[in-house]
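# What the coordinates show
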Amino acid sequence: MKSKIRIASGQGFWGDLPIAPIEQIKLASASSPVDYMMMDYLAEVTMSIMQKQKLRDPKTGYARDLVEVIDTVLPDIVDKNIKIITNGGGVNPEACRDAIFAAARKRGIKIKVGVVLGDNILDSIDELLAGGNKLANMETGESLNDVRDRVLSANVYFGAWPVVEALRQGAQIVITGRTTDTGLTLAPMIHEFGWSENDWDKISAGTVAGHILECGAQSSGGNFSADWKKVKDFTNIGFPIAEAYPNGEFIITKHPKTGGLVSRQTVAEQLLYEIGDPREYITPDCIADFTSIHLEDLGRDRVKVFGIKGRPATDFYKVSMSYNDGFSASGTLTYTWPEAMEKARMADKILRGRLKKAGCVFDEVRTEYLGFNSCHAGLTPTKEAKVQEVVVKFGVRGKDKKSIEEFGRNLAPLILTGPPSVTGFAGGRPKPSDVVAYWPALLRKTAVTPRVIVEEV
Amino acid sequence: MKVQLIDICHARSGDKGDAANVGLIAREEKFYPVIKQYVTRAAVKKHFKGICLGPVDRFELPNLWALNFLLHNTLGGGGTVSLKHDAQGKTLAAALLRMEIDVPAALMKKKKAK
């Protein structure tokens, strides 16, 4: 058994800093080693985008940037023996693997790639429903029947164990679909340290490490509210690395000579990110207790994380479904001094009047005043009369596409038919885009089985 | 005495469906009892009047000197549906740091002298 392993975070979301994963590999050295790199590509909305791509072209449906990244780092990861674990396979991990194989062949490199399948339940929803799985909305309790014919994607969140199996079979790259962000980090710890399935404290520790790594630089100085000016060299921000030990303790750090900051405070902020009840951080692998986490700032961008407790996993997988829920469009105009806010509010009144006159029907019309109070409405001390210029953002949402189109046609005319000193209308008419809503549900773990395939090319 | 949270705390926020989560962390351990006592559910609900349209949950993390708030019915339907400019509640951490609490001067003094 290794005495420690180092897991680097390479990507916090699909569209994160492109150079980050490449630098994590490039800067790996004997003095700052990397054994694994995890990359998180999937957000709730991502699966529906990928599903749409796959419908148009069955060879797509995964994060294409991922293949570019892997192609770039391929010689280096073979040379340095670094393993990559990512959920960038989206709704088509096999196509992603084939693209990686094609890149490897071109470079004359032999590589073992594992895929985790079985999370995509889009084609078996009816079967699952017939089998007594209700897939009701776990937040509202609504029945899936209400939206069944509009479902775009449906995926089970798998945890670490299928990835562990792929690693056990010798995969150097593991491509999954909807595997939890935390599972990507936990898996190599289980694999290397031989943790058992019911060693809940250690499984929870690895899960907490995953939570710290899953948003990339958000634990190493990015979006840091305590003292952002203390963060060095944002331009070359270093993504976090977890140095994990067999007893479940780990240290969060980053490569030397990179920008950013790892401190008790940067790690604490990420620990609080997007959590609910801290005593119940539920994943497919365990229930981690965030009130048990201890932090010790060791200085020089090293924070020790220890003491973590956890409880047994539940009998359910979380399911993430997306469905079509009408259309939306938005557009902006900019008004300046004098009376910028008065004019912006008048523009809002005019636009609403014209849309009403045209017989438009919307579920929601929202007007926000960017630069005045769009984010902190009601909390800003700024007086409206003092506003020098304001971007007014109009948004509409509804089931009637014609109404959304009519909104698009009525925005630009405000420039010649409304209050003066207005600009900033660019990019043409706002077009209706599909609103994709999110349907979270639970599914008995026995209802689906992960499949792992490891192949070498 | 009035204390603005930004002087004794830092924070991070994000989305959980139509709820926003705001994690509020004391800058020093000695401030944790202060925020625990004064940044109550009711105070936060009142502070976010007009932004948070649902109930507020509060959870304590003394180990991280932190409180976690869930502001329900806050993001205009949630990430993918919302027309809000800040559909994911990313700036609500800063919004909470605007809050002022009225703390007995002795408490702050004593804590500072410690």
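Residues numbered from 1 in each chain as written. Chains lettered and ligands numbered in written order. Predicted model: local features only at pLDDT ≥ 70, side-chain atom pairs only at ≥ 80, totals over all residues. Heavy atoms only, no water.

## Quick notes on the overall build of chain B
Secondary structure assignment for chain B yields five helices and six strands. Dimensions of chain B, computed from the C-alpha atoms along their principal axes, are close to 50 × 25 × 20 Å. Taking contacts inside chain B between residues at least 6 apart in sequence as the whole, the part at least 24 apart equals 60%. The distance from the centre of the 19 positive side-chain charges to the centre of the 10 negative ones in chain B is 4 Å. (Helix = DSSP H or I, 4+ residues; strand = E, 2+ residues; numbered from the N terminus. Contact = heavy atoms within 4.5 Å. Lys, Arg positive; Asp, Glu negative; His and termini not counted. Charge placed at Lys NZ, Arg CZ, Asp CG, Glu CD.)

## Side note on the interface of chain B and chain A
Facing 38 residues of chain B, the contacting portion of chain A comprises 46 residues. Buried area between chain B and chain A, both sides added, is near 3600 Å², and the carbon and sulfur share of it is 57%. The largest share of the area that chain B buries against chain A comes from R12, L83 and H85 of chain B, three residues that together contribute 24% of it. At the junction of chain B with chain A, the criterion picks out one salt bridge. With a shortest N-O distance of 3.3 Å, R12 of chain B and E269 of chain A are connected by a salt bridge. When contributions to the side of chain B that touches chain A are tallied by element, the ones reaching two or more residues are β2 (9–16), β3 (19–26), β4 (56–61), β5 (66–71) and α4 (92–97) of chain B. Top contributing element to the side of chain B that touches chain A by residue count: β2 of chain B, with seven residues. For the side of chain B that touches chain A, a count of residues per class yields 17 nonpolar, twelve polar and nine charged. (Buried area = accessible area lost by both parts, 1.4 Å probe. Salt bridge = Lys/Arg side-chain N within 4 Å of Asp/Glu carboxyl O. Nonpolar A, V, L, I, M, F, W, Y, C, P; charged D, E, K, R; others polar.)

## Observations concerning the layout of surface pockets
Residue and element names in this part refer to chain A. There is about 330 Å³ of room inside the second largest pocket. For the lining of the second largest pocket, the element with the most residues is strand β15 (residues 364–370), which contributes four residues. For the lining of the second largest pocket, the per-class residue count stands at seven nonpolar, nine polar and four charged. (1 Å grid on protein atoms, 1.4 Å probe; cavity = no way out; pocket = protein on both sides within 12 Å on 5 of 7 lines; lining within 4 Å. Points joined across faces, edges and corners; volume = space filled by probe spheres on them.)

## Observations regarding empty space enclosed by the protein
All names here are of chain A. Scanning all chains against the criterion turns up two cavities of 30 Å³ or more. Around the largest cavity, the lining residues are L17, I19, A20, E23, Q24, L27, N236, I237, G238, F239, H255 and T258. The class makeup of the residues in the lining of the largest cavity is six nonpolar, five polar and one charged. Counted as a void, the second largest cavity has a volume near 30 Å³. As for the second largest cavity, its lining consists of D348, L351, R352, L355, V365, F394, V396 and F407.

## Topic: a nonpolar patch on the surface
Residues M138, F316 and L442 of chain A make up a contiguous nonpolar surface patch of roughly 250 Å² in combined accessible area. With respect to the helices and strands, L442 of chain A occurs in strand β18 (residues 433–444). (Patch = residues over 30% accessible without salt bridge, like charges linked within 9 Å, V, L, I, M, F, W, Y side chains within 5 Å. Areas by Shrake-Rupley, 256 points an atom, 1.4 Å probe, with all protein chains shown as cover.)

## Describing helix α2 (residues 46–56) of chain A
Restricting attention to buried positions, one finds in α2 of chain A the residues T46, M47, S48, M50 and Q51 of chain A. Lining the buried residues of α2 of chain A we find β5 (151–156), β14 (316–336) and β18 of chain A. (Buried < 20%, exposed > 50% of the residue type's maximum accessible area, 1.4 Å probe, protein only.)

## A short note on the environment of G331 of chain A
All names here are of chain A. Counting through the fold element by element, G331 comes out in strand β14. C-alpha of G331 to C-alpha of A377: the two residues are 46 residues apart in sequence and 20 Å apart in space. When residues no more than four places from it in sequence are discounted, the contact partners of G331 are V392, K393, F394, F407, L411 and P430.

## Some remarks on the domain arrangement of chain A
When cut into domains, chain A gives domain 1 (5–119 + 157–314) and domain 2 (325–437). Computed over C-alpha atoms, the centres of domain 1 of chain A and domain 2 of chain A are 40 Å apart. (Domains from an automatic or database assignment.)

## Comments concerning the nonpolar core
The biggest cluster of nonpolar side chains holds 72 residues, and the ones touching the most others in it are V208, F250, I252, L271, F290, L295 and M321 of chain A. Excluding its chain neighbours within four sequence positions, the residues that come into contact with F290 of chain A are V208, H211, L271, I275, P278 and Y281 of chain A together with L61, N63 and L64 of chain B. The next biggest cluster of nonpolar side chains, apart from the first, holds 36 residues, and it includes A28, L42, L66 and I82 of chain A. (Core = buried A, V, L, I, M, F, W, Y, C linked by side-chain atoms within 4.5 Å.)

## Section: helix α1 (residues 19–26) of chain A
All names here are of chain A. Of all the positions in α1, only A20, P21, Q24 and I25 are classed as buried. With its buried residues spanning 130° around the axis, α1 presents them on a single face. In the core, the buried residues of α1 are packed alongside β1 (5–11), β2 (36–39), α3 (64–80) and β7 (241–244). (Arc of directions from axis to C-beta.)

## What about the pattern of salt bridges?
All names here are of chain A. Counting across every chain of the model gives 31 salt bridges over all chains. With its nearest N and O atoms 3.5 Å apart, the salt bridge here joins K2 to E192. Here E192 lies in helix α7 (residues 181–193) and K2 lies in the segment before β1, a separation of 190 residues in the sequence. Salt-bridge contacts for R409 lead to E406; the nearest nitrogen and oxygen are separated by 2.9 Å. Pair noted here: R409 and E406 are both in helix α11 (residues 401–411), with a separation of three residues, about one helical turn. Overall, the relative accessible area of 38% leaves R409 in the partly exposed class.

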